[in-house]
Amino acid sequence: MISRWKQIWPPLVAVLLFLALWQVSVTWFHVEKWMLPAPSDIWREGIASASSLKGHTLATLRLTLIGFPLGVAVGIAAAVLLHIVPWSARALYPLLILSQNVPIIALGPLLVIWFGFGQLPKIILIMLVCFFPVAVAGLGGLAQTDRMMLQFMKMAGASRRQIFSKLELPHALPSLFSGIKISAAYAVTGAVVAELIGGNQGLGYYMQIQKSAFRTDRMFAAIILSVLLSLLLFAAVVLLEKWLVRWKPRRDAQ
Amino acid sequence: MTNKTVPPSSGEPVKEETPDAASPDSGTEAPALEVSGISKSFSQRGRSIPVLEQVSLTVKPDEFVSIIGPSGCGKSTLFHIIGGLVKPDAGAVRMNGAPVTGQRGSVSYMPQQPALFPWRSIEDNVILARELKGAARSEAREEARRWLAKVGLGGFEKAYPHMLSGGMQQRAAFLRALLAPQELMLLDEPFSALDALTRSEMQRWLLELWEENRRSVLFITHSIEEALLLSSRIYVFSGRPGTILHTVDVPFPRPRREGMTEYPEFLRLKRQLSGWMREEQAKSGPLR
């Protein structure tokens, strides 16, 4: 318990100091509220518009919870396909990288033209953001299967399918999860960007509206909420990993 | 079956390689493993490098046979050929009389490192080879538990491999090979990664276990003493390309005793084998 407290207090104190400094300097230097609101202003405004913020937050959460798992699923599927069919890796890997070089902001309007103003283009956008880290990490993990274990499986006469399901996939799980964690960190940002391109709900949409009204305090409230969502998603993935990869020796025990 | 080798007279206990594998076995049982005339070379940067040349050897049913030789003599390649992972350029592999050249899944294998699957509990690791052949998990687990208790791993059934010491991991890996449905076991320097104390402890453990539960075993080792202690016959390999230089029938009766390493005959064989090994090392040594 004490050791956990020791881990928590340095970042906690740092954040509190940062907030205090922010609060003091905004009052001290008489910074206009529309330029940079004080933390206390943001807090007050957050409470005041809690009901509308809640709706938009839930919309963003819903969008994330659809797009993120789909993106992860596509990423895993891509990794598996590229691993099992070697020539497909050679053919598709450049395409995979290319998909990440196209600016998301530019892609948004195009997706709207192709798929309309509904949820679909937004979901596709999140998937595009999320699948890549999973695919790359998964592919790396699958390729790095332990050679001795592989030899054992082959000697024992294991089929390709058995080698995959009983060795390669569980072996790739830790690196797959490092990809999923990166995706989880991007997912909410992806959702917020997706909401900028159209529709009438979500934190991204909310921020855009507030920006036109110079309501910086409300924008900050929305930013904080999206950060919290992101952290929540990340924590959920970490918990899932802890449960699925529970066989791994703990780092401090090694 | 017991070792049928007749203790050789004091004169020359070592016979040169006889190609008994080439002719059909005159006994009632076909050999558990019969490797005849295996040659293999790999190409490296356009050059062909011979690794094995005309290797023939036999493992009779329930016989413990060892291979020793300098490192890089192609012993592991031979295992890969027997296991069906690599196709030989020439020669054939037969098991119980049936041709199995290039066929996987007909041997049970124990690699140099335990190579236990870290995400499987010890009991699930031990049943792996059976599971691959479609055995029912619950049944296989039950037998695995009985065996784990027998080899001193009772209480570790549900533990993950990283919680076990190196020696315990090797015991589990050996059990995994022993419980495999295949009759012939290939053990590839299984104790080479262990410290000396654990190693000799594991040798005695393996000897005792094997003498109670006979299986056909082909065993690769670098240790002359280990080979003499465990096996009924030893094939001495040359340096690359690997050929069989000598075949040594180990005359000691079974069950083998603790004190046999002090027997004059044991020491004499050990000296003889060390001499051959030194010669081979010297031939290939200065080159690299």
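Each value, and the rule that gives it
Residues numbered from 1 in each chain as written. Chains lettered and ligands numbered in written order. Predicted model: local features only at pLDDT ≥ 70, side-chain atom pairs only at ≥ 80, totals over all residues. Heavy atoms only, no water. UniProt positions renumbered as here; feature names shortened; annotations may be inferred. Helix = DSSP H or I, 4+ residues; strand = E, 2+ residues; numbered from the N terminus. Pairing = 2+ DSSP bridges. Contact = heavy atoms within 4.5 Å. Axes fitted to C-alpha atoms, helices over the stretch in contact; angles between N-to-C directions. Buried < 20%, exposed > 50% of the residue type's maximum accessible area, 1.4 Å probe, protein only. Lys, Arg positive; Asp, Glu negative; His and termini not counted. Salt bridge = Lys/Arg side-chain N within 4 Å of Asp/Glu carboxyl O. Polar contact = N/O pair within 3.5 Å; in protein donor to acceptor, adjacent residues only side chain to side chain. Expected span 1.5 Å × (residues − 1). Core = buried A, V, L, I, M, F, W, Y, C linked by side-chain atoms within 4.5 Å. Buried area = accessible area lost by both parts, 1.4 Å probe. Nonpolar A, V, L, I, M, F, W, Y, C, P; charged D, E, K, R; others polar. Left-handed = near helix turned anticlockwise from the far one by under 90°. Parallel < 35°, antiparallel > 145°, perpendicular 65-115°, else oblique. Patch = residues over 30% accessible without salt bridge, like charges linked within 9 Å, V, L, I, M, F, W, Y side chains within 5 Å. Areas by Shrake-Rupley, 256 points an atom, 1.4 Å probe, with all protein chains shown as cover.

Attention now goes to the UniProt feature "domain: ABC transmembrane type-1" (unreviewed entry) in chain A. Following the UniProt record, one finds the feature "domain: ABC transmembrane type-1" (unreviewed entry) at residues 57–240 of chain A. Summarising residues 57–240 of chain A: 88% helix, 0% strand, and an end-to-end C-alpha distance of 23 Å.

What follows concerns the sheet that holds strand β3 (residues 47–59) of chain B. Residue and element names in this part refer to chain B. Spatial strand order, β3-β2-β5-β6: four strands in an open sheet with antiparallel pairing. Whereas interior strands pair on both sides, the edge strands pair on one side only; in this sheet they are β3 and β6 (98–99). The sheet contact formed by strand β2 (residues 33–44) and β3 spans nine bridges and is antiparallel. Bridge pairing links Lys 40 to Leu 52 in β3. This element, helix α1 (residues 75–82), spans β2, β3 and β5 (90–95) of the sheet and lies at about 115° to β2.

Turning next to unusual backbone geometry. All names here are of chain B. Between Arg 240 and the following residue, Pro 241, the backbone shows a cis peptide bond with an omega angle of -5°. Cis peptide bonds are those with omega within 30 degrees of zero, and the linkage from Arg 254 to Pro 255 qualifies with 0°. Summarising the element assignment, Pro 255 is placed in the loop between β11 (244–249) and α8 (264–284). Positive phi, normally seen in glycine, also occurs at Gln 54, with a value near 50°. Structurally, Gln 54 is set in strand β3. For Gln 54, a relative accessible area of 56% corresponds to the exposed category. Positive phi, normally seen in glycine, also occurs at Asn 96, with a value near 50°. On the basis of relative accessibility, which here comes to 48%, the residue Asn 96 falls in the partly exposed class.

A few words on the side chain of B:Glu189. All names here are of chain B. With respect to the element layout, Glu 189 can be found in the loop between β8 (184–188) and α6 (196–212). Despite being buried, Glu 189 has no salt bridge partner; Lys 75 is the closest side chain of opposite charge, sitting 4.1 Å away. Side-chain polar atoms of Glu 189 contact the side chain of His 222, separated by 3.4 Å. Once residues lying within four places of it in the same chain are set aside, the contact partners of Glu 189 are Lys 75, Gln 112, Ile 220, Thr 221 and His 222.

Looking now at helix α5 (residues 104–115) of chain A. All names here are of chain A. With 12 residues, α5 should cover 16 Å at 1.5 Å per step; its first-to-last C-alpha distance of 16 Å lies within 8% of that length. Taken together, the buried residues of α5 touch α6 (120–143). Of the residues one or two after α5, Gly 116 is the one with positive phi, at around 80°.

In terms of nonpolar packing, the biggest core is built from 67 residues, with A:Phe68, B:Leu33, B:Leu57, B:Leu78, B:Ile82, B:Leu218 and B:Phe237 touching the most fellow members. Sorting elements by how many residues they give to this core places helix α8 (residues 160–196) of chain A first, with 11 residues. The contact partners of A:Phe68, leaving out residues within four places of it in the chain, are A:Ile126, A:Cys130, A:Ile180, A:Ser183, A:Ala184, A:Ala187, A:Leu233 and A:Val237.

Between chain A and chain B, the residue contacts involve 19 residues of the former and 27 residues of the latter. In terms of surface lost to chain B, no three residues of chain A exceed A:Phe152, A:Met155 and A:Trp247, which account for 37% of the buried area on that side. Joining chain A to chain B, the criterion identifies one salt bridge. Salt-bridge contacts for A:Lys166 lead to B:Glu131; the nearest nitrogen and oxygen are separated by 2.6 Å. The tally of links from chain A across to chain B stands at seven residue pairs in polar contact (both at pLDDT 80 or more). Counting residues per element, the ones that place at least two in the side of chain A that touches chain B are α7 (147–155) and α8 of chain A. With seven residues, α7(A) is the largest single contributor of residues to the side of chain A that touches chain B. For the side of chain A that touches chain B, the residue count by class is 11 nonpolar, four polar and four charged.

Okay, the UniProt feature "domain: ABC transporter" (unreviewed entry) in chain B next. When the UniProt feature table is mapped onto this chain, "domain: ABC transporter" (unreviewed entry) is found at residues 33–264 of chain B. Along residues 33–264 of chain B the backbone is 30% helical and 28% strand, and the end-to-end C-alpha distance reaches 32 Å.

Turning next to the packing of helix α3 (residues 50–84) of chain A against helix α10 (residues 216–244) of chain A. Residue and element names in this part refer to chain A. As a packed pair, α3 and α10 sit with axes 11 Å apart at the nearest point and diverge in direction by 35°. Crossing angle aside, the handedness with which α3 passes α10 is right-handed. In contact with Leu 53, Thr 57, Thr 60, Leu 61, Thr 64, Leu 65 and Phe 68 of α3, α10 contributes Ala 221, Ala 222, Leu 225, Leu 229, Leu 233 and Val 237.

On to the packing of α6(A) against α8(A). When two helices pack together, their arrangement is captured by the angle between the axes and the distance separating the axes. Residues and elements named next belong to chain A. Where α6 meets α8, the closest approach of the two axes is 7 Å, and the angle between their N-to-C directions is 150°. One way to sum up the angle between α6 and α8 is to call them roughly antiparallel. When the axes of α6 and α8 are compared, the crossing they make is right-handed. Across the contact of α6 with α8, the residue classes tally to 19 nonpolar, eight polar and two charged.

A grouping of A:Trp5, A:Ile8, A:Trp9, A:Leu12, A:Val13, A:Val15, A:Leu16, A:Leu17, A:Phe18 and A:Leu19 is seen on the molecular surface, where their side chains present a nonpolar patch of about 1,000 Å² in accessible area. When you line up the elements, A:Val13 lands in helix α1 (residues 2–28).

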